[in-house]
There are 2 protein chains.
Amino acid sequence: MYKAPVEEIAFTLKHVAGLARAIDDGLLGDLGEDLVDAILSEAGRFASDEIAPLAEIGDRQGARIENGTVTTPDGWRELYRDWIAGGWNGLTASETFGGQALPHMLNVAALEMWNSGSMAFALCPTLTMGAIEAIAAHGSDALKSTYLPKLVSGEWTGTMNLTEPHAGSDLGVLKARAERRDDGSYRVFGQKIFITWGEHDAADNIIHLVLARLPDAPAGTRGISLFLVPKFLINQDGSLGARNDLFCHALEHKLGIHGSPTCTMIYGDGRSGEEKGAIGWLVGEENKGLACMFTMMNNARLAVGMQGVAIAEAATQKAVAYARERTQGKAPGWSAAGQTGGMSPIIEHPDVIRMLLTMKALTQGARAIAYSCAHATDMAHRAADAGKHWQERAALLTPVAKSFATDIGVDVASLGIQVHGGMGFIEETGAARYLRDARIAPIYEGTNGIQAIDLVTRKLTLSDGGEVKSLIAELREIAGRVGASNAENFGATENRLNVAITDLQQATDWLLAQLAAGNTADALAGATPYQRLFGLTLTGCYLAKGALADAEDGKAADRIALCRFAAENLLAETTALKDSVVNGASSLAAARSILV
Amino acid sequence: MYKAPVEEIAFTLKHVAGLARAIDDGLLGDLGEDLVDAILSEAGRFASDEIAPLAEIGDRQGARIENGTVTTPDGWRELYRDWIAGGWNGLTASETFGGQALPHMLNVAALEMWNSGSMAFALCPTLTMGAIEAIAAHGSDALKSTYLPKLVSGEWTGTMNLTEPHAGSDLGVLKARAERRDDGSYRVFGQKIFITWGEHDAADNIIHLVLARLPDAPAGTRGISLFLVPKFLINQDGSLGARNDLFCHALEHKLGIHGSPTCTMIYGDGRSGEEKGAIGWLVGEENKGLACMFTMMNNARLAVGMQGVAIAEAATQKAVAYARERTQGKAPGWSAAGQTGGMSPIIEHPDVIRMLLTMKALTQGARAIAYSCAHATDMAHRAADAGKHWQERAALLTPVAKSFATDIGVDVASLGIQVHGGMGFIEETGAARYLRDARIAPIYEGTNGIQAIDLVTRKLTLSDGGEVKSLIAELREIAGRVGASNAENFGATENRLNVAITDLQQATDWLLAQLAAGNTADALAGATPYQRLFGLTLTGCYLAKGALADAEDGKAADRIALCRFAAENLLAETTALKDSVVNGASSLAAARSILV
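Residues numbered from 1 in each chain as written. Chains lettered and ligands numbered in written order. Predicted model: local features only at pLDDT ≥ 70, side-chain atom pairs only at ≥ 80, totals over all residues. Heavy atoms only, no water.

Here we take up the packing of aromatic side chains. As enumerated under the stated definition, the model contains 20 aromatic pairs over all chains in all. Plain terms: the ring middles of B:Tyr80 and B:Phe121 are 6.5 Å apart, the flat faces sit at 65° to each other, and that makes the pair edge-to-face. On the criterion of sequence distance, the pair formed by B:Tyr80 in helix α5 (residues 76–85) and B:Phe121 in helix α7 (residues 119–138) is long-range, its members being 41 residues apart. Sitting over the ring of A:Tyr434, A:Arg433 keeps its end group 5.1 Å from the ring centre. The ring of B:Phe232 has B:Arg243 lying over it, and the distance from NZ or CZ to the ring centre is 5.7 Å. (Phe/Tyr/Trp six-rings, centres within 6.5 Å; stacked < 30°, edge-to-face > 60°. Helix = DSSP H or I, 4+ residues; strand = E, 2+ residues; numbered from the N terminus. Lys NZ or Arg CZ within 6 Å of the ring centre and 35° of its normal.)

This is the structure we're talking about:
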């Protein structure tokens, strides 16, 4: 069973992502390291002891629908109630609306733990947090005061309604429509699919944020507006009023996250018996709906990245535990003391060691990237100066954090099955669920291919390439410190980090040159390998950063050993990835005709 | 819906694996290319039109058990009856027992198609073929004449009973036991798990091959005997007699291959009401049971490799079809004619092109490796001389074919989901089933980690390293022919192949040196990356072999384009893999302590 790695999380926040420094610099107000530890510890307890035990029943029962009513798995209503009673829903929200105004760093760390406990469950508050953010940034004062307190407390939950059957990655073609009414409200009509927690029984009301088009809207992405459409209308006194004209038509039958209802939502077909049209209110300006979405996109993408980290952590824990218990065959050489005759725990077999170390290194690397991204967001809001730099840093790291963490989430979950052997394929073991759940994360909230396009075309070019340059310079500095450190056992780490950083540098230069020359297709042909190259290089450097912090404290060499393993094994791939970026495009262009 | 790629399969058999040459050399009797085409075409028709349409219901219903009776999914009994009526069960079996004595090459090609249609369904005859092989090689004349005709026809099916809860990869510790009886029969007792198609309703009888220990057997793997234990005993006249004392106790609830009943089998608990003990007969000699298993292991492992190829092919077809239909966003540059404004089919987006080409190249590479392995087996049996060389070649290629094909089966199925975006996560789409089914193949019939150990410790050393050397020399020759060919558009293929071959050579030399020095753990630390290096290098070279055959015929450049894509993108990884092999071991040894 999952046990939240509170110490590891706290260490990564403080010494890799920069939380300790931010506290020292006085940027986080009253927050001290002790309070951080206390919050993480309590979140860890809730995730391990309350959420994780209900994950399996959620997977097995799934969310169920009957006559438009969606029932969550046994125990989940109570779980959600306990969770909001803990105040977890409003960690980062403004104190004005009942939140705790804590740094994003803490929230993503907590999100990791909720998702390790049950990704399907954690999706509910993840969506609510996105809705809060959008309303807080763009909603009128009336909308804020009516909706935010209950959303921040978690009494009501929120959703994001973007996708339609023909409009997924490309929102410019969506068809849902909205009509103005004289009272300042709107009527919303249309069908939305893949709406996470779009309908359920765990909260009193559900506040839908819906992208739709006004009658006179320009075509494409510049004609999309954002509307707030509650399941139950709110009376003047704040009590719940009439049922709005929106319904859940069906739930999807999915590979994973079974406990999370993925809804097809119908707006405005008159089922409520009133005048047709779901009553909604504009959020932000007309035709600026996508801009409102972009406000929250970075955090939402990072939140999905946390799902990758979370599954990887949980899958690794499970695999390590199994590999310690399961005996099979006699391991060769390097053998632990006392290993005589008979069978060894499989954790002593070199191939299993390689799998488990790979899982551990990728998990910790992805975690460090994601937390560093959250750190940049916090700094952008709180640092006295350099706001633009930190904003750009967050923007740059977001696609890498989302894609790398969700890709390794799938890979690590799959390795976890492999470590379990035949038992891994049996559902009751639980290892397979991690793979099934993890598999959606590289897809939603912008597929990882979309992330790669974003990274290459919109993020590398920030400050004319200055932001990525400054990040690469920081990585060089870490590699230099590895070389200068007196810590033993770093092996070839410094050299491997420098090779990786040079690969990243060269691939970056090449991509920027292609973009400058207008060769967009050539640049995009290498976008995915580039994204992985970025993630692997950050992994190596951030593991080294943590190892150096330990080494300076004279602590045990565990982090150094893991960092060295990653540098000498996982990072060996960076040159191949660079080659695919800078030499692969023309072969793609030449071969694409065989597909059509 | 899957459509068997009969032309591609025939081409690979003939011009990459060596079927055409074997026919020309008169090694395959009456078999000519036309007959090969006719057989493949008919098998393809059956797989596409009969099996594939029943795959989804098999997955959804699964095999069901009630009171020890196992029911297959709707339509599968009839499907199996039709399939054996086609004579497909006995393609390679001896004519003495009703088989067709065709080369293994044809059977693995057919197996690929059955598995693309439905892996869960194809598992049934796959197990029967293994049983036929074991009985044919080691059974007494009486066993052969009693059991082989019905097994070869497919009226009865066969199983392999190896695994017990504590004995998976390590069979030396199995506990099932057998007692001698005066009449020459045995009584078998014990529990076996993960028995594929151990009980079902599609055939009249089920012939179990069971590993068990005699009372006076030596400990470990040298004390294991193989027994034939039929579900129904056979009367003197060949009719079915009494129910034997063996039962299916339960079915596993698995991630995939739901239509295939995975049984827990109980032998000899007296449930049949007779004297306790399942009645069985010895196959081969007492205490030599594992040797009997080894006889069929190569073919069984290759058969599992075909599952990887099969899923990869089916998943690729599905993804390509979807990517042609689905429009989203406007693709940049390189654009196909007529692409003005609006949205492009996603198959024109560079990132999707990369995914689909990767899927295609890995599938065709794995297919070529697997067919080449079957070719070596055929040559070992049929070539006038060089029998030992071909036997060793088959032995060398088997772990690579099994592991590489099943690993890429998972990877390609996962990419297939990604290409589908959100739809890929919805079960009704069918893309997710491929991943669920594929995930078992790297585990059973020897995990891919076990394959890697086999490759490094038992296969590289064949003929003192001579066999692997001769294979590498052949690969060099292919790379040389690429360089010498006048075919345009090979790009950097020759260079990339040579780099890969040198990586393989160096890693091989290093491993052999470690083994010679007794550093087994160091060698095994790199066994998995080595196995992948082997598979990727073969992929590049075999794609080139096919491309050269096309080029010599003056045919279209499709194969050259795909080969170049693979060489310039996928093969870029070989140097990293070699580095992990030759430089990675000490970091594993150093870091392993953090796991325990």
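Continuing now.
The next point concerns the pattern of salt bridges. For the coordinates displayed, the defined rule picks out 66 salt bridges over all chains. In this structure, A:Glu199 engages A:Lys231 in a salt bridge whose closest nitrogen and oxygen atoms are separated by 2.7 Å. With A:Glu199 in the loop between β5 (186–196) and β6 (205–212) and A:Lys231 in the loop between β7 (225–230) and β8 (232–234), this pair connects stretches of sequence that are 32 residues apart. Note on accessibility: A:Glu199 and A:Lys231 belong to one class, buried. Where B:Glu285 meets B:Lys288, a salt bridge forms, and the shortest distance between an N and an O atom there is 3.4 Å. Exposure remark for B:Glu285: the relative accessible area of 52% places this residue in the exposed category. The exposure class of B:Lys288 is partly exposed, given its relative accessible area of 42%. Beyond isolated ion pairs, a larger network of salt bridges with shared partners links A:Glu42, A:Arg45, A:Asp49 and A:Glu50. (Salt bridge = Lys/Arg side-chain N within 4 Å of Asp/Glu carboxyl O. Buried < 20%, exposed > 50% of the residue type's maximum accessible area, 1.4 Å probe, protein only.)

With that out of the way, let us pick up unusual backbone geometry. Even without being glycine, A:Phe194 reaches a positive phi, approximately 60°. For A:Phe194, the location among the structural elements is in strand β5. On the basis of relative accessibility, which here comes to 22%, the residue A:Phe194 falls in the partly exposed class. The backbone of B:Ser463 shows a phi angle near 50°, a positive value even though the residue is not glycine. Relative to the helices and strands, B:Ser463 resides in the loop between α13 (448–459) and α14 (466–484).

Residue and element names in this part refer to chain A. Within β6, eight of the eight residues are buried, which leaves it mostly tucked inside the rest of the structure. Both faces of β6 are covered, namely the face carrying Asn205, Ile207, Leu209 and Leu211 and the face carrying Ile206, His208, Val210 and Ala212. In this structure, β6 lies alongside β7, joined through six bridges in antiparallel fashion. Its bridge partner being in β7, leucine 211 is matched across the sheet by leucine 226. (Pairing = 2+ DSSP bridges.)

As a further point, take the state of the cysteines. Residue and element names in this part refer to chain A. Under the definition given, this model contains zero disulfides over all chains. In this structure cysteine 248 is not part of a disulfide, and its nearest cysteine sulfur, from cysteine 263, lies 3.7 Å away. Look at cysteine 263 and you get buried, because its relative accessible area is 0%. (Disulfide = S-S within 2.5 Å.)

Between the two copies of the chain lies a rotation about an axis combined with a shift along it. In the superposition of chain A on chain B (RMSD 0.0 Å, axial shift 0.0 Å), the rotation amounts to 180°. The operation mapping one copy onto its partner corresponds to a two-fold rotation axis. Identified as the residue of chain A closest to the rotation axis by C-alpha distance is A:Glu573, at 3.1 Å. Taken together, the interface assignments show that 100% of the residues at the interface of chain A recur at the interface of chain B, consistent with an identical surface on both copies. (Least-squares fit on C-alpha atoms with pLDDT ≥ 70 in both. Contact = heavy atoms within 4.5 Å.)

Okay, the environment of A:Val188 next. Residues and elements named next belong to chain A. Tracing the backbone through its elements, the reader meets valine 188 in strand β5. Between the alpha carbons of valine 188 and valine 229 there is a distance of 8.1 Å; along the sequence they are 41 residues apart. Residues in contact with valine 188, not counting those within four places in the same chain, are Arg177, Ala178, Val210, Ala212, Phe227, Val229, Tyr267, Gly268, Gly277 and Ala278.

Once that is clear, we can look at the nonpolar core. A:Trp114, A:Tyr530, A:Phe534, B:Trp114, B:Tyr530 and B:Phe534 are the most contacted members of the largest nonpolar core, which totals 383 residues. Excluding anything up to four places from it in sequence, A:Tyr530 contacts A:Leu455, A:Val456, A:Leu460, A:Val468, A:Leu504, A:Ala507, A:Thr508, A:Leu511 and A:Val581. Counting residues in each nonpolar core, the second largest holds 21 residues, with A:Tyr186, A:Ala212, A:Leu214 and A:Cys263 among its members. (Core = buried A, V, L, I, M, F, W, Y, C linked by side-chain atoms within 4.5 Å.)

We now examine helix α10 (residues 350–382) of chain B. Compared with the 48 Å implied by 1.5 Å per residue over 33 residues, the 47 Å span of α10(B) between its first and last C-alpha is a close match. Taking burial as the measure, the 33 residues of α10(B) include 29 buried ones, the bulk of the element. (Expected span 1.5 Å × (residues − 1).)

Another aspect to go through is the layout of surface pockets. Each pocket or cavity is described by its volume, and for the second largest pocket that value is around 1,000 Å³. The wall of the second largest pocket is formed by 46 residues, among which A:Asp59, A:His258, A:Glu427, A:Arg436 and B:His253 lie closest to the centre. The set of elements that each furnish at least two residues to the lining of the second largest pocket consists of α4 (55–61), α6 (104–117), α9 (289–325) and α12 (431–438) of chain A together with α4 (55–61) and α12 (431–438) of chain B. (1 Å grid on protein atoms, 1.4 Å probe; cavity = no way out; pocket = protein on both sides within 12 Å on 5 of 7 lines; lining within 4 Å. Points joined across faces, edges and corners; volume = space filled by probe spheres on them.)

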